[in-house]
Each structure stands twice: as C-alpha cells, then as structure tokens.
Amino acid sequence: MIQTETLVLCILILQTLLLVMRVVVFFGRFRDGIAQWTVAGTIEVAMWVIIIALGKLSPALVGHIALCGFVIGISCLLLSLCKFFSAPDNPTLTYAPVAIALAAVALGYYEADLASLLLNLMLAVQSARCVLIILSNPQEGIHRSCYLLMLGFAIFSLTAIGRAGRIWIPDGAAGDSLRQASVMLSLMSAFITGILINIGLLLLHQDRAWHEHRRLAMSDPLTGLLNRRALELAAEREVDRARRQKSPLFVAMLDIDYFKKLNDTLGHQQGDQALKLFAQVVQSQIRKTDVLARYGGEEFCLILPAGSEDSTLKILQRVRDELESTPLEPYNAVLRFSAGVSVWYPGESNIDLAIARSDAALYQAKQQGRNQTAVALSALNIASTFKTATM
C-alpha cells in the first residue's frame, strides 16, 4: 500500500515538473493569464515543500498554512482564467476567500476544526468559480481543454467539500480509519487534479495559439477579410451545400475604381485606409451567410448563397449608397466601384467558371464607364454577351 509520505513526495515531484514544463513552454510570455498560472504553480510547489519539511512538527498548523496557500493558488488560477477569457473579475469575490483563509489560519490556534472547515470551503468556492468562468465563456476551437479543466476543478471542489466534512467524523478506531482513508483520497485527488488542471491549461493556450495562427493564415492582414486561400475553402463548402440543395450561387467581383490614381495621389497609407473602409462598408451590407474575401489588390469577391440576381444587385446598390455617405477622411473622397455578377449552377463542377464569368463581366463594367455592375447573361458560356445595370 502506498504510504502517505510517498504520495506527498510524488505530488511535489509532479507539481515541480509541471512548473518547469510551464516555464520552458511559455518562457518570456506573460499574457493571457500565463503569469498568474505560473505564480499559482510556484505557490503550490512551495506548499508541498512546507508539508514535507514541517508537517510532522505541527500537523494542524502546517495543514492550515498549506490549505491557505492552496486557496491563494486557486485564486491565482481564477485570475488566470479571467485574463485568458477576458472575463470581468469581481475583486470582492476573488479576494474575500483569500482574506477568510488568512483569518482561518489565525483562528486555527483556537478552533482547529472551524479553521479547517473554512479553508476547505474557500477552496471549494474558488474551484467552483473556475468552472463557472469556463462555462460562461465558450470559445471556438478549445473545447477539449475546457473539458479537462472543468473536470479537474470539479474534482478539486468536491474533494475540498469532503475534507471539510472530516470534522463530523466520530472519534474512535473506526473514525481514525475513515480519516486516514480520507487523507489518502485527498492526496490522490491532488495528484489527479494537478495533472488535469495543468495539462488542461497547457492545451487551452496551445489550442488558442493554433486557432490564432490558423486565423492569421486564412485572413487578409490589412482588411481582416478572408484571403484567397480561405475563399477557395469557403467556396468549396458553399458549392457542396448548394449542390445538395440544388440551388444557385451568385458570385460578384468588385473592384475599386481609380484605386491606383488614389494610391499615387494620396499615398499608400491612404490607399490602405481606402481598402479597409471599402471592406467594412461591404461587410456591413451583406448577410451573415454571404462570403466576402479580398481577391487581390483592390479586387474583392463576394459569394451569395440562396440568392437571386435581383437581391445581388440590391446588395451592391446598398454598398454604393453607403459609400456615398461614408467618404474617406480627411480628404472627403468618395469610393466608387465596378462589379461583375455571374451565377454558379449545380451542374458545374466548381465555382471557378462562375468567378471567371464575373471577372469578365467586371471588365465589361470597367470598359463601359466604371461605377456600375455588369451581369453575365449566360452561366454556361464564358464568352457570352453582357447586360449592364447602371447603379
């Protein structure tokens, strides 16, 4: 059977290794709650060292000091989660349990059982609050780590409640055996929750980093819209959906008129501002189901599922109206654009032909005077004639 001292030593070794791993993996990084997480780990290691070094001198006092340290540590983890999720932190709810824990250590000289009860209840409260923060701040792409964390904090909270109930265990041989079993269960819980919480936090930060790298790889850094690669993936999804629903997809290619002249006259910085403004205005006028991407330079691609020619033209008209009322400051320059519209039909293998038709229609709109929309009449013939909708 594992001895209590052996299990405590194993926990200390585990917590030390986890702390070293954390420092190595996140060396030099202190954002997103990593600093608070590191402080929590340092406090936990220090408390286990105190338990091993001084536990036999005054078990009750050292136990209360260690529990108080764990309350401070779990409060640091709570702050770490608030930082990570950008969740509001209530100082009263966060620091009041710490103050109660410190007072309980002093109270332990006179009422050891009451002090133990208060310390364990504060641990349970802070652990439960960690679970609530995770539940109330769902984020895309980090579900597996959240499950590990919630499991770890839930076990930690239940274990603390179980320890608080020791004061009601009756004296005698049976009571002593029950207390010893409770101590072993508590230590095993500390070992398991140490793994779950620390690995969960590690995965939490790794998942966010991967998600952020993926987002940056799939978005245009200037406008924040999808980039060309992301457009291809989004178009594949929309084509598959439209094929299943046997519905057309409308594709519009938009190009800012006289952008090179604007860039040369006002400078590249204002050119960048013009691209941002244009992207924001278009984004504000389309539906959530529509897909907008920067196709290249001053050209943008818009995919409109389950739409019609009429609804597509109305959206483009709304964009023009909004641009008229939102000039580029400080020069009060009104951005105008030409557009080409085509349609993808379920019989076509991919959306490339529809984009090519829209691009050809866009060229036709440019040739006919700019600031207008040309609509490809035939969805199946790239060299078809065009009709022009002056907007």
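Everything below is about the structure shown above.
Residues numbered from 1 in each chain as written. Predicted model: local features only at pLDDT ≥ 70, side-chain atom pairs only at ≥ 80, totals over all residues. Heavy atoms only, no water.

Visitor: Give me the lowdown on the packing of aromatic side chains, citing residues and values where you can.
Guide: A full pass over the atoms with the stated rule returns five aromatic pairs. Measuring from centroid to centroid gives 5.3 Å for Trp48 and Phe70, while their planes differ by 45°, and the two rings are tilted. Here Trp48, found in helix α2 (residues 34–54), pairs with Phe70, found in helix α3 (residues 59–85); they are 22 residues apart in sequence, far enough to count as distant. You'll find Trp48 and Phe70 in the same group, each marked buried. Cation over ring: Arg320 sits above Phe337, and NZ or CZ is 4.1 Å from the ring centre. We note Arg370 situated over the ring of Tyr258; from NZ or CZ to the ring centre the distance is 4.5 Å. (Phe/Tyr/Trp six-rings, centres within 6.5 Å; stacked < 30°, edge-to-face > 60°. Helix = DSSP H or I, 4+ residues; strand = E, 2+ residues; numbered from the N terminus. Buried < 20%, exposed > 50% of the residue type's maximum accessible area, 1.4 Å probe, protein only. Lys NZ or Arg CZ within 6 Å of the ring centre and 35° of its normal.)

Visitor: For the pattern of salt bridges, give the residues involved together with the corresponding values.
Guide: Taken as a whole and assessed by the stated rule, the structure comprises 13 salt bridges. Between Arg243 and Asp240 there is a salt bridge, with its nearest N and O atoms 3.6 Å apart. Of this pair, Arg243 and Asp240 are both found in helix α8 (residues 228–245), three residues apart, which corresponds to roughly one turn of the helix. Exposure remark for Arg243: the relative accessible area of 32% places this residue in the partly exposed category. Ionic contacts of the salt-bridge type, sharing partners, join the residues Arg31, Asp32 and Arg208 into one network. (Salt bridge = Lys/Arg side-chain N within 4 Å of Asp/Glu carboxyl O.)

Visitor: Which residues make up the layout of surface pockets, and what values go with them?
Guide: Of the pockets and cavities examined, the largest pocket occupies roughly 1,400 Å³. Contributing elements (two or more residues each) for the lining of the largest pocket: α1 (4–25), α2, α3, α5 (112–136), α6 (143–164) and α7 (173–218). Approximately 510 Å³ is the volume found for the second largest pocket. Arg214, Met218, Leu226, Ala230 and Arg237 are the residues nearest the centre of the second largest pocket, which is lined by 19 residues in total. (1 Å grid on protein atoms, 1.4 Å probe; cavity = no way out; pocket = protein on both sides within 12 Å on 5 of 7 lines; lining within 4 Å. Points joined across faces, edges and corners; volume = space filled by probe spheres on them.)

Visitor: For the nonpolar core, give the residues involved together with the corresponding values.
Guide: Counting 53 residues, the largest nonpolar core has Leu81, Phe85 and Phe153 as the members making the most contacts within it. Within the residue set of this core, elements represented by two or more residues are α1, α2, α3, α4 (91–107), α5, α6 and α7. No other element matches α3, which puts 13 residues into this core. The next biggest cluster of nonpolar side chains, apart from the first, holds 32 residues, and it includes Leu275, Leu292, Phe300 and Val319. (Core = buried A, V, L, I, M, F, W, Y, C linked by side-chain atoms within 4.5 Å.)

Visitor: Could you give an account of a nonpolar patch on the surface, naming the residues involved and the relevant values?
Guide: Taken together, the side chains of Leu9, Ile13, Leu17 and Ile52 present a nonpolar region at the surface, about 360 Å² in accessible area. Here the nonpolar patch gets three residues from one element, more than from any other, and that element is α1. Among the secondary structure elements, Ile52 is positioned in helix α2. On the basis of relative accessible area, Ile52 is assigned to the partly exposed category, the value being 40%. (Patch = residues over 30% accessible without salt bridge, like charges linked within 9 Å, V, L, I, M, F, W, Y side chains within 5 Å. Areas by Shrake-Rupley, 256 points an atom, 1.4 Å probe, with all protein chains shown as cover.)

Visitor: Describe the environment of Ala279, listing the residues and the values that go with them.
Guide: By the element assignment, Ala279 lies in helix α10 (residues 268–285). We classify Ala279 as buried; its relative accessible area is 3%. Taking the C-alpha atoms as reference points, Ala279 and Leu292, separated by 13 residues in sequence, lie 8.6 Å from one another. Residues within four places of Ala279 in sequence aside, it is in contact with Thr223, Leu225, Leu292 and Phe300. (Contact = heavy atoms within 4.5 Å.)

Visitor: An account of unusual backbone geometry is needed here, citing residue identities and associated values.
Guide: The amide bond that connects Glu329 to the next residue, Pro330, takes the cis arrangement and shows omega of 5°. Structurally, the position occupied by Pro330 is in the loop between α11 (309–324) and β4 (337–344). Within the chain, Arg370 stands out as a residue other than glycine whose phi angle is a positive 65°. Tracing the backbone through its elements, the reader meets Arg370 in the loop between α12 (352–367) and β5 (373–376). Classification of Arg370 by relative accessible area gives partly exposed; the value is 30%.

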